[in-house]
Protein chains: 2
Amino acid sequence: MKLLAPLALSLAAPLLLAPALGQSADQPVVASASSPDGRITVSVTVDNEGRPSYAVARGGKPVITDSRLGFLFTDAPKMERNLAIVDTDTAESDTTWNQPYGEWRTIRDNHKEMTVRFREKTDLKREMLVTFRIFDDGVGFRYTFPKQPNLTTANIAEELTQFAFAEPATAWWNTAFEWNREEYLFQETPLSEVGTAQTPITMKLASGTHVALHEAALVDYSAMNVAKVQGNTLKAVLTPGAGRPKVTRDLPFSTPWRTLIISDDAPGLYMSHIMLNLNEPNKLGDVSWVKPGKFVGVWWNMIKGEWSWARGPKHGATTGNVRRYIDFAAANGIPHVLVEGWNIGWDGNWFGNGNAMDFARPTEDFDASGLAAYARSKGVSLVGHHETGGSASHYESQFDRAFAFSRDHGQKIIKTGYVTDAGQIERVDPDGTRLREWHEGQWMSNHHLRVIKAAAKYKLSIDTHEPIKDTGLRRTYPNWMSREGARGMEYNAWPGGNPPEHVANLVFTRMLSGPMDYTPGVLSLTGSEGRPINSTIAKQLALYVVLYSPVQMAADTPENYARYPGPFKFIRDVPADWADTRVLNGEVGDYATIVRKDRHSEDWYLGSVGDEIARTTTVKLDFLSPGKTYTAEIYRDGPDADYRTDKRHSIVIEKRQVRKGDSMTLALAPGGGQAVRFVASGK
Amino acid sequence: MKLLAPLALSLAAPLLLAPALGQSADQPVVASASSPDGRITVSVTVDNEGRPSYAVARGGKPVITDSRLGFLFTDAPKMERNLAIVDTDTAESDTTWNQPYGEWRTIRDNHKEMTVRFREKTDLKREMLVTFRIFDDGVGFRYTFPKQPNLTTANIAEELTQFAFAEPATAWWNTAFEWNREEYLFQETPLSEVGTAQTPITMKLASGTHVALHEAALVDYSAMNVAKVQGNTLKAVLTPGAGRPKVTRDLPFSTPWRTLIISDDAPGLYMSHIMLNLNEPNKLGDVSWVKPGKFVGVWWNMIKGEWSWARGPKHGATTGNVRRYIDFAAANGIPHVLVEGWNIGWDGNWFGNGNAMDFARPTEDFDASGLAAYARSKGVSLVGHHETGGSASHYESQFDRAFAFSRDHGQKIIKTGYVTDAGQIERVDPDGTRLREWHEGQWMSNHHLRVIKAAAKYKLSIDTHEPIKDTGLRRTYPNWMSREGARGMEYNAWPGGNPPEHVANLVFTRMLSGPMDYTPGVLSLTGSEGRPINSTIAKQLALYVVLYSPVQMAADTPENYARYPGPFKFIRDVPADWADTRVLNGEVGDYATIVRKDRHSEDWYLGSVGDEIARTTTVKLDFLSPGKTYTAEIYRDGPDADYRTDKRHSIVIEKRQVRKGDSMTLALAPGGGQAVRFVASGK
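Source: prediction; values computed, not measured.

All names here are of chain A. What the domain assignment reports for chain A is domain 1 (29-277) and domain 2 (490-550 + 567-683). Distance between the C-alpha centres of domain 1 and domain 2: 34 Å. Facing the 25 residues of domain 1 at the interface are 30 residues of domain 2. For the pair domain 1 and domain 2, the interface holds one salt bridge. Residue lysine 204 pairs with glutamate 587 through a salt bridge whose shortest N-O separation is 3.8 Å. Where domain 1 touches domain 2, the interface holds 13 residue pairs in polar contact (both at pLDDT 80 or more). Elements that contribute at least two residues to the side of domain 1 that touches domain 2 include exactly strand S15 (201-205), strand S16 (210-216) and helix H1 (266-270). In terms of residue count, the dominant contributor to the side of domain 1 that touches domain 2 is H1 (four residues).

Moving on, we come to the sheet that holds strand S30 (residues 461-464) of chain A. Residue and element names in this part refer to chain A. Spatial strand order, S31-S30-S27-S26-S23-S22-S32: seven strands in an open sheet with parallel pairing. Looking at which strands have only one partner, the edges of the open sheet turn out to be strand S31 (480-483) and strand S32 (551-553). Across the sheet, the axes of successive neighbouring strands diverge by a mean angle of 30°, strand direction being ignored. As paired strands, strand S22 (residues 293-298) and S32 are joined by three bridges and run parallel to one another. Counterpart to glycine 293 in the pairing with S32 is valine 551.

The feature "domain: Glycosyl-hydrolase 97 catalytic" (unreviewed entry), as given by UniProt, occupies residues 299-486 of chain A in the numbering adopted here. The straight-line gap between the two end C-alpha atoms of residues 299-486 of chain A is 18 Å; of that span, 31% is helix and 21% is strand.

So, about the pairing of strand S26 (residues 381-387) of chain A. Residues and elements named next belong to chain A. Across the seven residues of S26, seven count as buried, placing the element largely inside the fold. Relative to S26, strand S23 (residues 336-339) runs parallel, the two being bridged by three bridges. Bridge pairing in S26 links histidine 336 to serine 381. Both S26 and strand S27 (residues 413-417) contribute to a ladder of four bridges, which runs parallel. Within the sheet, the bridge partner assigned to glycine 384 lies in S27 and is isoleucine 414.

What follows deals with the relation of the copies chain B and chain A. For the pair chain B and chain A, the relating rotation is 180°, the translation along its axis is 0.1 Å, and the fit reaches an RMSD of 0.0 Å. Here the transformation between the copies is reduced to the relation of a two-fold axis. Within chain B, the C-alpha atom positioned nearest to the axis of rotation is that of glutamate 193 of chain B, 2.2 Å from it. The share of interface residues of chain B whose copies in chain A are also at the interface is 100%, consistent with both copies meeting through the same surface.

With that out of the way, let us pick up the pattern of salt bridges. All names here are of chain B. Considering all chains together, one arrives at 105 salt bridges over all chains under this definition. One salt bridge connects glutamate 159 with arginine 258, and the closest N-O pair in it is separated by 2.8 Å. Separated by 99 residues along the polypeptide, glutamate 159 in strand S10 (residues 153-159) and arginine 258 in strand S21 (residues 257-263) bring together distant segments of the chain. Its salt-bridge partner being arginine 636, residue glutamate 654 comes within 2.7 Å of it at the nearest N-O pair. A residue pair is termed long-range when its members are at least 10 positions apart, and glutamate 654 in strand S38 (residues 651-659) and arginine 636 in strand S37 (residues 629-637) qualify at 18 residues. Of the residues examined, glutamate 654 reaches a relative accessible area of 27% and is grouped as partly exposed.

For the rest of this paragraph, the subject is the sheet that holds S10 of chain B. Residues and elements named next belong to chain B. The strand order across the open sheet formed by three strands is S5-S10-S19, and the pairing between neighbours is antiparallel. Either end of the sheet is taken by a strand with one partner, and the two such strands are strand S5 (71-73) and strand S19 (247-250). In this sheet, adjacent strand axes meet at a mean angle of 45° when their direction is disregarded.

With that settled, the discussion passes to the packing of helix H10 (residues 537-546) of chain A against helix H12 (residues 565-573) of chain A. All names here are of chain A. At their nearest, the axes of H10 and H12 sit 10 Å apart, and the two run at 5° to each other. Taken as axis vectors, H10 and H12 run roughly parallel relative to one another. Contacts between H10 and H12 involve Ile537, Leu541, Tyr544 and Val545 from the first element and Pro567, Phe570 and Ile571 from the second. Across the contact of H10 with H12, the residue classes tally to seven nonpolar, no polar and no charged.

Take helix H7 (residues 399-408) of chain A next. When we look at burial in H7 of chain A, the residues that qualify are Phe399, Ala402, Phe403, Ala404, Phe405 and Ser406 of chain A. The positive-phi residue at the C-terminal boundary of H7 of chain A is glycine 410 of chain A, with phi of around 75°.

Turning next to unusual backbone geometry. Residues and elements named next belong to chain A. In this structure, the amide linkage connecting threonine 199 to the following residue, proline 200, adopts the cis form with an omega of 5°. Mapped onto the elements of the fold, proline 200 is located in the loop between strand S14 (196-197) and S15. The peptide bond linking leucine 251 to proline 252 adopts the cis configuration, its omega dihedral lying at -5°. Residue position: proline 252 is located in the loop between strand S19 (247-250) and strand S20 (253-254).

Residues and elements named next belong to chain A. Take glycine 390: it is sitting in the loop between S26 and helix H6 (392-396). For glycine 390, a relative accessible area of 0% translates into the label buried. Glycine 390 has contacts with Tyr418, Val419, Thr420, Gln424, Ile425 and Glu426, leaving out every residue within four places of it along the chain.

A few words now on the environment of arginine 51 of chain B. Structurally, arginine 51 of chain B can be placed in the loop between strand S2 (40-46) and strand S3 (52-58). Judged by relative accessible area, arginine 51 of chain B falls into the buried class, the value being 10%. In contact with arginine 51 of chain B, not counting residues within four places along its chain, are Trp179 and Asp421 of chain A together with Thr45, Val46, Glu80 and Arg81 of chain B. Within the local environment of arginine 51 of chain B, its side chain forms a polar contact with the side chain of glutamate 49 of chain B, the two groups lying 2.9 Å apart.

Across the contact, 81 residues belong to chain B and 81 residues belong to chain A. The junction of chain B with chain A conceals about 6600 Å² of combined surface from both sides, 56% of it contributed by carbon and sulfur atoms. In this structure, the salt-bridge partner of glutamate 178 of chain B is arginine 68 of chain A, at a minimum N-O distance of 3.0 Å. Our count for the contact surface shared by chain B and chain A stands at 19 residue pairs in polar contact (both at pLDDT 80 or more). Elements supplying a minimum of two residues to the side of chain B that touches chain A: S5, strand S13 (187-190), strand S17 (224-230), helix H3 (300-303) and strand S29 (434-437) of chain B.

Quick look at the packing of aromatic side chains now. Applying the stated criterion across every chain, the model contains 65 aromatic pairs over all chains. Ring geometry for phenylalanine 71 of chain A against phenylalanine 145 of chain A: centres 5.0 Å apart, planes inclined by 65°, an arrangement best described as edge-to-face. With a gap of 74 residues between them, phenylalanine 71 of chain A in strand S5 (residues 71-73) and phenylalanine 145 of chain A in strand S9 (residues 138-145) connect regions that are remote in the sequence. Just as phenylalanine 71 of chain A is buried, phenylalanine 145 of chain A falls in that class too. A ring pair is formed by phenylalanine 359 of chain A and tyrosine 395 of chain A, whose centres lie 5.4 Å apart and whose planes are at 85°; its orientation type is edge-to-face. Note that phenylalanine 359 of chain A is positioned in strand S25 (residues 358-362) and tyrosine 395 of chain A in helix H6, a separation of 36 residues in sequence. Under the relative-accessibility criterion, phenylalanine 359 of chain A is labelled buried at 1%. You can call tyrosine 395 of chain A buried: its relative accessible area is 0%. An aromatic cluster is defined as three or more aromatic residues linked by ring pairs; in this entry it consists of Phe71, Phe73, Tyr143, Phe145 and Phe253 of chain A. The lysine or arginine in question, arginine 475 of chain A, covers the ring of tryptophan 97 of chain A, its NZ or CZ lying 3.8 Å from the ring centre. Against the face of tyrosine 374 of chain B rests arginine 323 of chain B, its NZ or CZ located 3.8 Å from the ring centre.

The rules behind these values
Residues numbered from 1 in each chain as written. Chains lettered and ligands numbered in written order. Predicted model: local features only at pLDDT ≥ 70, side-chain atom pairs only at ≥ 80, totals over all residues. Heavy atoms only, no water. Domains from an automatic or database assignment. Contact = heavy atoms within 4.5 Å. Salt bridge = Lys/Arg side-chain N within 4 Å of Asp/Glu carboxyl O. Polar contact = N/O pair within 3.5 Å; in protein donor to acceptor, adjacent residues only side chain to side chain. Helix = DSSP H or I, 4+ residues; strand = E, 2+ residues; numbered from the N terminus. Pairing = 2+ DSSP bridges. Axes fitted to C-alpha atoms, helices over the stretch in contact; angles between N-to-C directions. UniProt positions renumbered as here; feature names shortened; annotations may be inferred. Buried < 20%, exposed > 50% of the residue type's maximum accessible area, 1.4 Å probe, protein only. Least-squares fit on C-alpha atoms with pLDDT ≥ 70 in both. Parallel < 35°, antiparallel > 145°, perpendicular 65-115°, else oblique. Nonpolar A, V, L, I, M, F, W, Y, C, P; charged D, E, K, R; others polar. Buried area = accessible area lost by both parts, 1.4 Å probe. Phe/Tyr/Trp six-rings, centres within 6.5 Å; stacked < 30°, edge-to-face > 60°. Lys NZ or Arg CZ within 6 Å of the ring centre and 35° of its normal.

Here it is in structure tokens:
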């Protein structure tokens, strides 16, 4: 018969024969604290075997029931039982800080903090602290290992943190440890069917409460994935080291923050600032040299297979091609031009093998200095491109040459790439040991920060592709501007493509971690071999507002933009830096409507995206300033627009006068979207 | 909207832009072979990226659809793509061999074999062979790495083997990598809800086909667990090393066999010989010194907390107690007496810390030589007990002392124990490095074989508790007689206990791996603090037939057996070694009826167990020899028997004359069972 019991309590020996072994029901809450508004409460308990656990409730309703805390080590007894709480500290903080660029100019950080100090009751007497920061919209917690006599270096085999969700849920997730890094279509399954998932993982509980589980400030540690234990309980699974402990750290140190954003609805998840608030403030000082902006690129034709990265008759990064892109950028007020395939190293099979890449040696047909001068004369700068092919150590060996070359050629932004299968990053240790790392192990978390810090010395910003996942580090290192880290537009060039729901999935999953360089704006709606893209033309415009990135690409070719001057105007107008952001509506994987206020004007921009079905929603324009009249420049799906037909290009562009308090109806076609610019016109 | 697409094919770069990337539908079958009866077919394909996969069909119906093969290494590029088949060999074999002891005297090994040699198309040109053995009732396959220039040592980060089940299924499984090793209650969930599971994992597919997934011949390798990838696809997850690669092997070597038993019903799973047939023949030569048999033990009173392992007023292993147990064994024809807590090292907390254990130093109140002599005089031998507390290296340091002591005291069997939390086995390397291993990592797979080989030198057999899982190695090393490796009777002494369905789960999951020392026969049906056991008294008798072990315990105390002379007669009669075995009926987790023929007489024994509901089944006695009359000594639940009431002791003991072709109705009470001895009487 079906067994309903949970994982059995196990009693390996009579010495464990204590009453109600580990039965949390009988456990006294030994520490607890609540959010500033009192709605979210975290409680910590220790059972009769000295096993600590935590729980999270919201409005008195459990969200996370008693869930384990602790560690396995490769060379020492685990810290998981025989622990006692020796003290508990609490604090509160309510501050605001400004983003140098971003979705919001000002961020409020209002939280209460509780730190629980655990000490082993055994002879080892090792100590571990767990600090909870409780916000009105969620919780972050991390472990701290203080300096202590009986643990000098932590060789972590596994982190035992669990997340026992109190209710069944629908989960949107990407599988972990498969061959292709983060670049999967999202799975939507019951929480109980989650296998091993990357974070962020987003859940809609049976009660309707939305929860996003992720981590913040991933520094010198291995990225956390989560795996099903049983029922609706997930546990941490750290990314492996290359035949080493998953994490090796000398004490004292703290882990990244494990984060739970908790909201009544999907839009509330996006509006949370927990991810940024749990990162350290800017460590780079003056970052006025970090320049958000749009870029075009010698790129889409390669993705489509019409041009090549490698040298030869189809080589894309030629002086002639790049000049045309510079002209196009200058003519349209686009400050940056990306060039891929400009350097030596692309000939042959570079996938997973970037050891031939030289980021200071242009190909013969690419006149680096001439183009740099020409770009400067047009007020444009080139975006450098460093495709490592996964050979991370080889990249580190040429940091200074590469970044000096970029600086000397007027570049402000570098797009990096790590194109290799998961688990195939090439690491070469100083002693010559060659290892194969995952994209998100401890060593890579440090590699990426080495890139960021080295680039900062040259006043260069980084846009990482095939990256380690974002955990809000742009706050601490503002020159780490953007990342890929999910299926971007490029997949629309290839068989299958991204389904219409993909963007509505991204908004409430991947985008919760930070900016994404999705490379929107393919107005031709055509991939390789004439493949149609699963999108209307209006949706391509909406992406500029919906998918935030401070470096935002106009991904299509100048020739194609010339064919769509009407829609292209929105791409010219839309900024990449914002003073304010509001999510007006949305459901995970179904639709989302976001408005953002330009950081340098009174104008607002709206983007709305749907999925494969037609949908009409009405939004109130309450975000507009009172007393002002705005000209709404509307780019909406034509009445016959449909991503499945040759009417995917059908669009209506119209103007309307609107004011705060007005409503606007958004009629999204199948695979459709809508973009609106609200131009403030005096009082 | 719900996303129905499977894991997306990912195109990380245009060089991968081949048609129908990895789409198995378009893949030609490049190698295939079938079982002797032609019903089961294995096919191997390679996709356009050179990714090999295998599939299994039965009666033309897919059971496993195209599933990945390959490896990740910590220090070299993975072997998973860019592979080509260079040759394929086939062979067939039909032999029989005899078990020195076991469930069957003679085992037939009839299979066809196909070996596919893959070679990398890249410069490395590394080679990997996959050998499939296809039986009428399932498939085993393993990888072989031949000696080759570009791979001398394999440092395996992960085995990429997947199992893509063609249908939804119900799965019975135990979670892996949780704190308590194998000792969990079974989870029954949809296959899609399996998290990370130990093997064997048993599945009933939607079509009714039963499949058990496990491995055979786990030697010098890390045990395989399986984790959900997506939908109904599982993948191998090897047990970690202690901050080392999961497996390190010099070439050439072969992996354990990955096994799939495929059957129309649950009984068919148990009747398979694949596990034994995929192990090497006996390497120990004459093993007449391996003596199957029953044993009693100074044990249950410790489990109940009435006696102690440690010295002191409650110490169980005293000369006086042991003499009484020897008398009891001798009086009842039971050849072995287990004594736990007889040695120095139990004082203090030995859980996970066995470094004080000395297996050649008895406690003061245990007269080792006197008791050995006394036992010998009674025709009984003591079963030694070596509880390592997980300190495996400490155990290895005293092998010869410990085993010589056992031999010199007339012992024939040693029960070993590894009582510590998962991941907490203490390993000390020759250079003094201290590491914490999982119970089932590569190092432990070798540790256990070191125990077995060292014990064999002293003609000692081993019964391992908290073991590495069984993979059929008793064929190769017959002195590795039995293991625990699941929740045994002891859990019935503790809060919760084993639910009535537990045994019916064991038969079709854990028992597929090999014998289990469950320690049946607690006729008092009473655990610690008077806790009632979830069983009728008749079911306790049935366990001796249903749960095979060549070392089978009479787990209750002599005092208790004295209170139940009627039922105890069956325990005295039932053998522990069999000539033949048949599973008459059963459903996973519901019920099972097994008959076995005594290896040393014409008698048959029947055991039937149910779950928490009353159930009546009728079995045909076709297993009996024609023309013979048998006296059926029946031990059945009384009409009012119920594990939930004080009628759990209600039993009817009666005799009946039966012959081949007769039927017998088995009426099982809630939590009940039935045992029958068929005594052959003349012609």
